[in-house]
Amino acid sequence: MATILLLNGPNLNTLGQREPSIYGATTLKQIEKAVGDLAREAGHQVQCFQSNSEGDMVDWLHKHNKADFLLINAGAYTHTSVALRDAILAIKIPFIEIHISNVHAREAFRGKSYLADIAVGIISGLGPMGYELATSYALDKLKSGA
Ligand code: DQA
């Protein structure tokens, strides 16, 4: 059984209420359930964590350094955090960077990512479905042993 990590950063605990015209009505709980269900159907497990604190996210990654794949929406820390980039490099787990909104269609500062060039891939602008698509990709890679 493989372990997929699902890590969400600042303000994503407010999904469903937060700027619904940008982020929609789906809650983080619903996203975590959808990702967990997909992984379980494939015989794998998901560990979820959300934090509004950069240091807590770094600590959580260190603690889960034996996992097989990481799905991360680092929220605003995507655009600012060398510490998160270094934490992911330290644990050496392949990951997909996810954004609910299309960060390239918004303010210019959202076009900068400290994670993108070290990610397996990026999904941005496909809404909450992006998490499920990323999960399907991870499951496919786990199946093929890559
Ligand atoms: C986000 C995009 C970020 O720019 C923003 O700071 C977020 C959410 C997204 O999912 O679209 O908090 O990562």
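Residues numbered from 1 in each chain as written. Predicted model: local features only at pLDDT ≥ 70, side-chain atom pairs only at ≥ 80, totals over all residues. Heavy atoms only, no water.

(A) Broad picture of the site of the ligand. Around the ligand sit Arg18, Tyr23, Asn73, Gly75, Ala76, His79, His99, Ile100, Ser101, Val103 and Arg110, and those are all the residues in its vicinity. Asn73 places a side-chain nitrogen or oxygen 2.8 Å from an oxygen atom of the ligand. One of the side-chain nitrogen or oxygen atoms of His99 is found 2.7 Å away from an oxygen atom of the ligand. Alone, the ligand offers 320 Å² of accessible surface; in the complex the protein occludes 99% of this. By residue class, the composition of the shell around the ligand is four nonpolar, five polar and two charged. (Near = heavy atom within 4 Å. Polar contact = N/O pair within 3.5 Å; in protein donor to acceptor, adjacent residues only side chain to side chain. Areas by Shrake-Rupley, 256 points an atom, 1.4 Å probe, with all protein chains shown as cover. Nonpolar A, V, L, I, M, F, W, Y, C, P; charged D, E, K, R; others polar.)

(B) A look at the sheet that holds strand 3 (residues 69–73). Taken in spatial order, the five strands make up an open sheet running 2-1-3-4-5, and their pairing is parallel. Two strands close off the open sheet at either side, each with one partner strand: strand 2 (45–50) and strand 5 (121–124). Between one strand axis and the next, the sheet turns by 15 degrees as a mean value, whatever way the strands run. Judged from the three bridges that link them, strand 3 and strand 4 (residues 95–99) form a sheet pairing that is parallel. Across the sheet, residue Leu71 finds its bridge partner in strand 4, namely Ile96. Helix 2 (residues 28–41) rests against strand 1 (3–8), strand 2 and strand 3 of the sheet, and its axis sits at about 160 degrees to strand 2. (Pairing = 2+ DSSP bridges. Helix = DSSP H or I, 4+ residues; strand = E, 2+ residues; numbered from the N terminus. Axes fitted to C-alpha atoms, helices over the stretch in contact; angles between N-to-C directions. Contact = heavy atoms within 4.5 Å.)

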